[in-house]
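# Understanding the architecture of this molecule
Here is how the chains run, residue by residue.
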Amino acid sequence: MKILLILIITTWRKVTSSPIKFDVMDCMEYLPLSLDNDDACNWDGSYVEENFRADREEDVYMKHIKQEQDTYGNTHRMYDPCTCNYRGCNCTGLGLKNVPGDLPQNIQKLRLDYNAIAVLPNCIFCSYSQLNYLDLSYNNLTQLQVGSFWGLEHLNWLNLGNNSLMYVKETFPNGVFSDLVSLRCLKLHRNLDSNQYIDFHFPDEVLANLTNLESLYLDGFDSLVFGEHFKNLTELKTLDLSRGHCNIRSLSKSALSNIYQISKLNLSGCNLQGDILDSNVFKPLVNLKHLDISFNRDLGVKSFMSALKEIRNYNITTLVMNFIESLYSRSLYISQDIVKSLPSSLIYLEAQGNCFESIDPGVLQLLPPNLTYIFVGANRFVYGEYFNELYTIRNVKVLKLNGGAYLLDIPEKEPQSADYTQCPSPQQTFKSSRPLIITLPPNLLCLDLRFTGLRYRLTELTFNASNSLESLIFCDNYLPFLRGPIKGLPKLLKLYISGSGVKDIETQTFQYLGTLQKLSLRNDQLQDFFEHNINPKVFKHLINLRFIDLSENSLTRIQKNIFEGLDLLEHIDMRKNNMWTFNVSIVNMFNLSLLNLSHTQLSTLPLETRQHIDQLLTNHSVVIDMSSTPIQCVCTNIDFLKWMTSSRAFDASFTNYMCQYENKSMAVYVTDAYQETLQELDRKCADHSILFLVVTSATFCMVTCVIAALLYR
């Protein structure tokens, strides 16, 4: 049983060039609302979604005429509509070669992205002086005119990304941005061709006019230097070189000396080379709070820590250093030197995919005292004595040790390997006969162990009772037998064991998890367990459960009383199973609001279930989803069809709902919310009723005559 301790710290040995996102719930809900609150360029998010949505009452459709010649030299008039409302106009992806000149002059937002605009003549936007948002990305711009943005004194947000605006003097004439006195966000990224090796220079003399600029997105090139005019950008907070073409390789001591005012720097994916990185490169950034150096695989942990050590006393609260060690490096130990290089004010740390294998004894207690969020997944951690010191990181709320289904790319050049690799030292060997009790950090709220390559029978698992853990994630491992019990988690609210091949669950597994509110067993292998267990009461101890997910388990049947005692259930997810009948009792659930039975083989619901749903609807809303199920459209099921189409629990449009007709082998999707089907069934079933009465009467008369004849004899 003691070997089970390894499940907390053993992570998947495969690493990759990039992390994989998952659709399962993770620790994100426990993280700060946003790590980009200071980025003025994030202002566009709500606008794109909300301000350009079609509004039938407010939209005005503007017609723009352009001239174009065909292969025979004939001139054609092309019709290109922009969609406008009182806020602005959306002219995205219309193939425009010029900025439309007849849009409403009071618009505040204008999207011209994904067109073919190559020139911005002087005063082209003078008629739209109220603009505060302008998107010109993904066009064919190669050069700007001195008056390209005349009249845009109110513009806050400008995107010139994904064009061909090279960082040379001819591209940005002096004064081109002089009218943009209100500009807070400027995007100039993805303008450089990564294959070109021209002597690029940032247009700092032109940018110096943007005294209110807060966020700037640029491309990165080798041996770059931020010129002296960057000092004029006194409001600049965010400098991001990660979103475009970035191939910096080396940074000199003076490269960043003129951007001391920034608080956030993103250099991820910039191909930085550790052997030529100046250790004092970040020293001028005295106001730095957020540093992202991820995906510089030739940077190396040792080289970066040497540079970080020089600014450890700065007020840096967020550090992201994912995948900065060569993927082909041998394993590394987290030593005192590494930890002592971390900024003392650090709150949020990501250090994923850096080949870490273990931690020297006593190192964890040297971590920054306010460190609250730690992401160290996709490493190579093995069990060591340091594990008993986890409780010393007292303020950590989120600990992600998740691995990943990662694949290596074949390298284009011979990989670099670390020359400071350590082998396990004798002091790391842990021998003890003490009972296994996993001691968690006292304030830890979420522990993520997804994709960590765990392959265990989940037998008795005991945690120290003085913990605050609310969410425990075991998804995407191999835990076929849940024996339990799981003890010592008095505040646990969410348990995720999805995609872990669970085949069997003992009744005692959840015995001590009475506080649990959400349980996910999605995409496991529970079909035989529910098929052959006559009276499984594995959930009986979960009296506070609100949400249960049993979807994608290939279930063919499930016992009537499986949810007995779970009176507080609100959401039941059983989609993508193979059930032909639903005989589960829900009459004890008065808080039920969602029952997902979609993508199953169900053709109807029993009367008892329907009656309880009707009762629930008198008190609160209920959603029943039976989309993509072969609902029987026959006379014997007409009562269910009429109930379903009249119930408020179903989607009124019945999108993706199906009909299984009597003489057809395949179910078909309905397009009229079953109206025509019901009309046909009313007629057909009425004919059947008359025929049934005639046959019944004739049979009765014949039987009566036979009985009378027998009595007469």
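Residues numbered from 1 in each chain as written. Predicted model: local features only at pLDDT ≥ 70, side-chain atom pairs only at ≥ 80, totals over all residues. Heavy atoms only, no water.

As recorded in an unreviewed UniProt entry, the protein goes by LRRCT domain-containing protein and comes from Biomphalaria glabrata.

Under the criterion given, the structure shown has 1 cavity of 30 Å³ or more. Within this model, the largest cavity holds a volume of roughly 310 Å³. Contributing to the lining of the largest cavity are 22 residues, with Ile-334, Ile-359, Leu-364, Ile-374 and Val-376 lying nearest its centre. Breaking the lining of the largest cavity down by element, the ones donating at least two residues are helix H4 (336-340) and strand E15 (356-359). Residues of the lining of the largest cavity, tallied by class, amount to 22 nonpolar, no polar and no charged. (1 Å grid on protein atoms, 1.4 Å probe; cavity = no way out; pocket = protein on both sides within 12 Å on 5 of 7 lines; lining within 4 Å. Points joined across faces, edges and corners; volume = space filled by probe spheres on them. Helix = DSSP H or I, 4+ residues; strand = E, 2+ residues; numbered from the N terminus. Nonpolar A, V, L, I, M, F, W, Y, C, P; charged D, E, K, R; others polar.)

Before going further, it helps to examine the sheet that holds strand E23 (residues 504-505). Across the sheet, 3 strands lie side by side as E19-E21-E23; this open sheet has parallel pairing. Each end of this open sheet is capped by a strand with a single partner; those strands are strand E19 (458-462) and E23. For E19 and strand E21 (residues 481-487), the ladder comprises 4 bridges, and the chain directions are parallel. Bridge pairing links Thr-462 to Lys-487 in E21. (Pairing = 2+ DSSP bridges.)

Our next topic: helix H3 (residues 301-309). Within H3 the residues assigned to the buried category are Val-301, Phe-304, Met-305, Ala-307 and Leu-308. In a view along the axis of H3, the buried residues occupy a sector of 160°, so they form one face of it. Seen from the open side of H3, the exposed residues pointing more than 90 degrees away from its buried face are Lys-302 and Lys-309. Contacts from the buried residues of H3 go to strand E11 (290-292), strand E12 (318-320), strand E13 (332-334), H4 and E15. (Buried < 20%, exposed > 50% of the residue type's maximum accessible area, 1.4 Å probe, protein only. Arc of directions from axis to C-beta. Contact = heavy atoms within 4.5 Å.)

Next up on the list: the state of the cysteines. Note on terminology: a disulfide is the covalent bond linking the sulfur atoms of two cysteines. Overall, the coordinates contain 8 disulfides when judged by the stated rule. Here Cys-41 connects covalently by a disulfide to Cys-185, the sulfurs 2.0 Å from one another. Its S-S torsion of about 100° marks the bond between Cys-41 and Cys-185 as right-handed, since a negative value means left-handed. Taken together, the residues Cys-41 in the segment before helix H1 (44-51) and Cys-185 in strand E7 (residues 185-187) connect sequence positions 144 residues apart. Judged by relative accessible area, which is 1%, Cys-41 ranks as buried. The disulfide partner of Cys-123 is Cys-126, and the gap between their sulfur atoms is 1.7 Å. Taking the torsion about the S-S bond as the criterion, the Cys-123 to Cys-126 disulfide, at about -110°, is left-handed. What makes Cys-126 partly exposed here is its relative accessible area of 29%. (Disulfide = S-S within 2.5 Å.)

Another aspect to go through is unusual backbone geometry. Omega for the peptide link from Gly-484 to Pro-485 comes to -5°, which places this bond in the cis form. Positionally, Pro-485 belongs in strand E21. Notably, Tyr-114 is not glycine yet its phi reads approximately 60°, a positive angle. Positioned with a positive phi, Arg-190 is a non-glycine residue whose angle comes to about 55°.

This part takes up the pattern of salt bridges. In total, this model carries 18 salt bridges according to the counting rule given. Three or more residues are tied together by salt bridges with common partners; here these are Lys-400, Asp-448 and Arg-450. (Salt bridge = Lys/Arg side-chain N within 4 Å of Asp/Glu carboxyl O.)

The next point concerns the environment of Thr-556. In this structure, Thr-556 sits in the loop between strand E25 (547-549) and strand E26 (571-573). The spatial distance from the C-alpha of Thr-556 to the C-alpha of Asn-578 is 4.8 Å, given a sequence separation of 22 residues. Residue contacts for Thr-556: discarding those within four places in its chain leaves Glu-531, Asn-578, Met-579 and Trp-580. At 2.5 Å, the side chain of Thr-556 forms a polar contact with the side chain of Glu-531. (Polar contact = N/O pair within 3.5 Å; in protein donor to acceptor, adjacent residues only side chain to side chain.)

Counted under the stated rule, the structure contains 25 aromatic pairs. With 6.3 Å between their ring centres and 65° between their planes, Tyr-167 and Phe-221 make a pair best called edge-to-face. You can see Tyr-167 sitting in the loop between strand E6 (157-159) and E7 and its partner Phe-221 sitting in the loop between strand E8 (215-217) and strand E9 (238-240), a full 54 residues away along the chain. As far as burial versus exposure is concerned, Tyr-167 and Phe-221 are alike and both buried. Note on Phe-202 and Phe-221: the rings are 4.9 Å apart at their centroids and 50° apart in plane angle, and the pair reads as tilted. Placement of Phe-202 in the loop between E7 and helix H2 (204-207) and of Phe-221 in the loop between E8 and E9 is noted, with a sequence separation of 19 residues between them. Residue classification places Phe-221 among the buried residues on the basis of a relative accessible area of 9%. Through pairs of rings, three or more aromatic residues link up here, namely Tyr-167, Phe-200, Phe-202, Phe-221, Phe-226 and Phe-230. (Phe/Tyr/Trp six-rings, centres within 6.5 Å; stacked < 30°, edge-to-face > 60°.)

Among soluble globular proteins, nonpolar side chains are generally buried collectively. In terms of nonpolar packing, the biggest core is built from 184 residues, with Phe-125, Phe-149, Phe-177, Phe-282 and Phe-539 touching the most fellow members. Every residue in contact with Phe-282, bar those within four places of it in the chain, is listed here: Leu-256, Leu-265, Leu-267, Leu-291, Ile-293, Phe-304, Ala-307, Ile-311 and Tyr-314. (Core = buried A, V, L, I, M, F, W, Y, C linked by side-chain atoms within 4.5 Å.)

The next subject is the environment of Phe-177. Among the secondary structure elements, Phe-177 is positioned in the loop between E6 and E7. According to the relative accessible area criterion, Phe-177 is buried, its value standing at 0%. Between the C-alpha atoms of Phe-177 and Leu-152, which are 25 residues apart in sequence, the distance is 9.5 Å. Apart from the residues within four sequence positions on either side, Phe-177 is in contact with Leu-144, Phe-149, Leu-158, Leu-160, Phe-172, Leu-186, Val-206, Leu-207, Asn-209 and Leu-210.

On to a nonpolar patch on the surface. A contiguous nonpolar patch, built from Met-702, Val-706 and Leu-710 and spanning about 320 Å² of accessible area, is present on the exposed surface. Tracing the sequence through the fold places Val-706 in helix H8 (residues 675-712). With relative accessibility at 46%, the residue Val-706 sits in the partly exposed group. (Patch = residues over 30% accessible without salt bridge, like charges linked within 9 Å, V, L, I, M, F, W, Y side chains within 5 Å. Areas by Shrake-Rupley, 256 points an atom, 1.4 Å probe, with all protein chains shown as cover.)

With that out of the way, let us pick up the packing of helix H6 (residues 607-617) against helix H7 (residues 638-646). Relative orientation of the contacting elements H6 and H7 amounts to 15°, with a least axis distance of 12 Å. Accordingly, the angle class assigned to the pair H6 and H7 is roughly parallel. Where H6 crosses over H7, the two elements pack in a sense that is left-handed. When H6 is examined against H7, the residues Arg-610, Ile-613 and Asp-614 are found in contact with a partner set consisting of Asp-639, Phe-640 and Trp-643. Among the residues forming the contact of H6 with H7, the class breakdown is 3 nonpolar, no polar and 3 charged. (Axes fitted to C-alpha atoms, helices over the stretch in contact; angles between N-to-C directions. Parallel < 35°, antiparallel > 145°, perpendicular 65-115°, else oblique. Left-handed = near helix turned anticlockwise from the far one by under 90°.)

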